[in-house]
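Next come the chains, spelled out residue by residue.
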Amino acid sequence: MADKGRPVMRRKEKKNNEPTEIKKEVKNGRNNDEADASAAEAVAPNDAGQNGRNGDFQVEPMELPPFEIITGDRIDPLVFQFQFKNVEYSSGRNKTFLCYLVDTGKADEGLQRGYLEDEHTGSHAEEAFFTQCLPHYDPALKYTVTWYMSSSPCCACAAKMAEALKARRNIKLSIFAARLFEWEEAEIQAGLKALHIAGCKIRVMKPLDFSYTWDTFVENEDQPLNLWADCKENYEYYHERLADILQ
C-alpha cells in the first residue's frame, strides 16, 4: 500500500506548455457555445408557448453521437508531448493513448504495431484493444503484447484485463505507463494488484521508454525527443508509488 505518512507531491502542468492545437480547440469550442446560446435566445420567444407553461422556455435534451475509438499508426508530436508528459495532477488529459506491439511468434507476419485513443466516455482503449487489435484470437499461438500508455488502467479496465489474462494464458502482457491514474484510490490499487497477480508486468515509463515510444509511435520527422526537465524525477516518484502498491 502507498505510504500515507509521507507527504504527497503535487505537480501541476504549466499552462504555457500545453499544445497550441489543444488551446485552439478550446477557443473554437467556446465560440461555438456562444453562438449556440445566442441562437437559443433568438428562438426562445417563438417556442415558449409550445415548449413550456407560463412562457418558460424548455430545451429538449440533445442525443449525442456514439463514441468512437480512434486508431492509427503514429501520433501527432504535440499531442504526444502533452498526453504522455508524466506530471501528476494536470488538467486537459482526459484521454488514454495506448501504443501497442504484438508478437505472435510467426516470422512471416512480424510485429503488429499501432495506437488506440479514447476519451473515457465509451469503450476504453484497453478493452478496445482486445476487440479491435486481436479480433481473431488463436489459442494455439503465443502472444507477447507490450503497451506504452499515457496513464495506467482504471479499476474497471484492470478487472476486465485480469479476467482476460486468466482465461487466455497464452497472452503475456507488459504495460509501461507514463502516469498512474488516481493511484491513491483503494479500488485503483486493488485493480493494479489483480493485474499483477494475473501475470501482467506493470512498469512506469523511464526516460528511455519515452524516447523509444517517440521513435516508434510518433510522427517525429526524424527529430529526437527533448525530454522535459523533471521527467526523471517524476518517473522516480511514480516508480516508488507503484512499488508500494504491488508489494
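Under an unreviewed UniProt entry, the name given to the protein is CMP/dCMP-type deaminase domain-containing protein, and the source organism is Takifugu bimaculatus. You can read under Cofactor (unreviewed entry) in the UniProt record for the protein the words "Zn(2+)". Looking at the Sequence similarities (unreviewed entry) heading of the UniProt record, one finds this comment for the protein: "Belongs to the cytidine and deoxycytidylate deaminase family."

## Some details on unusual backbone geometry
Most peptide bonds take the trans form, and the phi angle of most residues other than glycine is negative. A positive phi angle, near 50°, is found at Glu 221, a position not held by glycine. Given a relative accessible area of 70%, Glu 221 falls into the exposed group. Backbone geometry at Asp 222 places phi at a positive 65°, although glycine is not the residue there. With respect to the helices, strands and loops of the structure, Asp 222 is situated in the loop between α6 (207–217) and α7 (231–246). For Asp 222, a relative accessible area of 76% gives the class exposed.

## Remarks on the nonpolar core
Counting residues in each nonpolar core, the largest one holds 38 residues, and the members touching the most others are Phe 129, Trp 147 and Leu 195. Those elements that provide at least two residues to this core are β2 (96–103), α3 (125–133), β4 (143–149), α4 (155–167), β5 (171–177), α5 (186–197), β6 (201–204) and α7. Top contributing element to this core by residue count: α7, with six residues. In contact with Phe 129, other than residues within four places in its own chain, are Leu 98, Tyr 100, Val 102, Leu 116, Leu 134, Val 145 and Trp 147.

Procedures and definitions
- Residues numbered from 1 in each chain as written.
- Predicted model: local features only at pLDDT ≥ 70, side-chain atom pairs only at ≥ 80, totals over all residues.
- Heavy atoms only, no water.
- UniProt positions renumbered as here; feature names shortened; annotations may be inferred.
- Buried < 20%, exposed > 50% of the residue type's maximum accessible area, 1.4 Å probe, protein only.
- Helix = DSSP H or I, 4+ residues; strand = E, 2+ residues; numbered from the N terminus.
- Core = buried A, V, L, I, M, F, W, Y, C linked by side-chain atoms within 4.5 Å.
- Contact = heavy atoms within 4.5 Å.

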